[in-house]
Amino acid sequence: MIVWHSSTPVTPVGEDLVRYPSPNIFAIGYSPERINPGDKAHRLTNILKVTSGSTPDTADFVDALYASIIKAGTHKAPSLKVAEAAKVIENTQRDLNIALVNDLAILFNRLGIDTLDVLEAAGTKWNFLPSRPGLVGGHCISVDPYYLTHKAQEVGHHPQVILAGRRTNDGMCGYVADQVIKLMLRKGINPVAARILVLGLAFKENCPDLRNTRVVDIVHALEGYSAQVDVFDPWVDAVEAQHEYGLTLIESPEQGAYDAIVLAVGHDEFRQLGGQGVRAFGKPDASIVYDVKYVLAREWVDGRL
């Protein structure tokens, strides 16, 4: 956000910036963040930037400023409200898309159909929107819908679809934990005092960001069954995990030690282990593997979303 006092238009970008302070004019320029943590392909300069300003001069200045460094170009929104609303609905739309496939994953599980098989078949149509089921955390997608729904209720509108999507996504951690426990029981594994390994704590793959990670909810749900849960994530700072969530990360998993393994985040390190490597953490006589992120081939897992 750019804020300044000015009584005359500023000079064009590239020249010396001249401002004339005045108590009569207060201007704000705003461009919502579009950075995708952990994404090495979509960076600041190659993502089209939405810009805005509280006055026409401010909007022009902010747009020109970003245009000077953003190779992908800019889109000047007509107002600050439009720019912020655009940011919020980008994340709300993503949240709802994931909520839909999460809902379908629960349904397909009851029907005995593999969700990925269905999504791959449906994805052969040119206009099918590709989404995968999973946990929705982070500082944007899981938060922005609540900003929007709060404002909606302030003005007398009840956004049923958005809130329904949030309920679905917030409930997926409990669903995953329940599925893990059911699979354990089917193999005769008592969850009480069982050792469970959770692979991944970050809110997304190949990223150290812990903000609003929903993996924590899986851990707590499994601990609610009196299981002993170890969490391993090579990307995450152990001190931060302890400070933010009270979790003590392990330095490395033990081979052949666990009754269940939950692959919660699709880090490249876990993909490189492959099915055999992940299953090696389980007890050789009886153990289960649950794959939240479709990291492993189907023949190596006991269950997946």
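Please read all numbers here as calculations on a predicted model, not as lab measurements. (Residues numbered from 1 in each chain as written. Predicted model: local features only at pLDDT ≥ 70, side-chain atom pairs only at ≥ 80, totals over all residues. Heavy atoms only, no water.)

Engineer: For this particular structure, what's the right way to read the layout of surface pockets?
Structural biologist: Empty space among the atoms becomes apparent when a probe as large as a water molecule is rolled across them. Its volume calculated, the largest pocket comes out at about 1,000 Å³. Its residues placed into classes, the lining of the largest pocket shows 16 nonpolar, 11 polar and 12 charged. When its volume is computed, the second largest pocket comes out at roughly 260 Å³. Lining the second largest pocket are 18 residues; nearest its centre among them are Asn109, Asp114, Asp302, Gly303 and Arg304. The set of elements that each furnish at least two residues to the lining of the second largest pocket consists of α2 (80-111), α6 (172-186) and β9 (303-304). Examining the composition of the lining of the second largest pocket, we find that four residues originate from one element, α6, more than from any other. Each residue belonging to the lining of the second largest pocket can be placed in one class, and the counts come to eight nonpolar, five polar and five charged. (1 Å grid on protein atoms, 1.4 Å probe; cavity = no way out; pocket = protein on both sides within 12 Å on 5 of 7 lines; lining within 4 Å. Points joined across faces, edges and corners; volume = space filled by probe spheres on them. Nonpolar A, V, L, I, M, F, W, Y, C, P; charged D, E, K, R; others polar. Helix = DSSP H or I, 4+ residues; strand = E, 2+ residues; numbered from the N terminus.)

Engineer: How should I be thinking about the nonpolar core in this particular structure?
Structural biologist: For soluble globular proteins, the rule of thumb is that nonpolar side chains tend to be buried together. Core analysis: the biggest nonpolar cluster contains 39 residues, and Val180, Met184, Val198, Leu201 and Leu222 have the highest contact counts within it. Element by element, the count of residues in this core is highest for α6, at nine residues. What Leu222 contacts, discounting residues up to four positions off in sequence, is Ala177, Val180, Ile181, Ile196, Val198, Ala227, Val229 and Val262. (Core = buried A, V, L, I, M, F, W, Y, C linked by side-chain atoms within 4.5 Å. Buried < 20%, exposed > 50% of the residue type's maximum accessible area, 1.4 Å probe, protein only. Contact = heavy atoms within 4.5 Å.)

Engineer: Is there a simple way to think about the packing of helix α4 (residues 144-154) against helix α5 (residues 160-170) in this case?
Structural biologist: The geometry of a pair of packed helices is captured by two quantities: the angle between their axes and the separation between those axes. Closest axis-to-axis distance for the α4/α5 pair is 10 Å, and the angle between their directions is 145°. Between α4 and α5 lies a crossing whose hand is left-handed. Contacts from Pro145, Tyr146, Leu148, Thr149 and Gln153 of α4 reach α5 at Ile162, Leu163, Arg166 and Asp170. For the contact of α4 with α5, the residue count by class is five nonpolar, two polar and two charged. (Axes fitted to C-alpha atoms, helices over the stretch in contact; angles between N-to-C directions. Left-handed = near helix turned anticlockwise from the far one by under 90°.)

Engineer: Can you help me understand the pairing of strand β6 (residues 228-232) in this one?
Structural biologist: The side chains of a regular strand alternate between both faces of the sheet. The buried count for β6 comes to four of five residues, which makes it a mostly enclosed element. With helix α7 (residues 215-223) bridging strand β5 (residues 195-199) and its parallel neighbour β6, the resulting β-α-β unit is right-handed. (Right-handed = clockwise from strand over helix to strand, strands pointing away.)

Engineer: I would appreciate a short explanation of the sheet that holds β9 in the present structure.
Structural biologist: By way of backbone hydrogen bonds, the strands of a sheet pair with one another, either parallel or antiparallel. The strand order across the open sheet formed by five strands is β6-β5-β7-β8-β9, and the pairing between neighbours is parallel. Either end of the sheet is taken by a strand with one partner, and the two such strands are β6 and β9. Bridge analysis of β5 against strand β7 (residues 260-263) gives four bridges, and the strand direction is parallel. The residue of β7 that forms the bridge with Leu197 is Ile261. Sitting on the sheet, α6 touches β5, β7, β8 (288-291) and β9, and the angle it makes with β8 is about 155°. (Pairing = 2+ DSSP bridges.)

Engineer: Is there a simple way to explain the environment of Pro78 in this structure?
Structural biologist: Along the chain, Pro78 turns up in the loop between β4 (74-76) and α2. For Pro78, a relative accessible area of 70% puts it in the exposed group. Pro78 sits 22 residues away from Pro56 along the chain, and the two C-alpha atoms are 8.8 Å apart.

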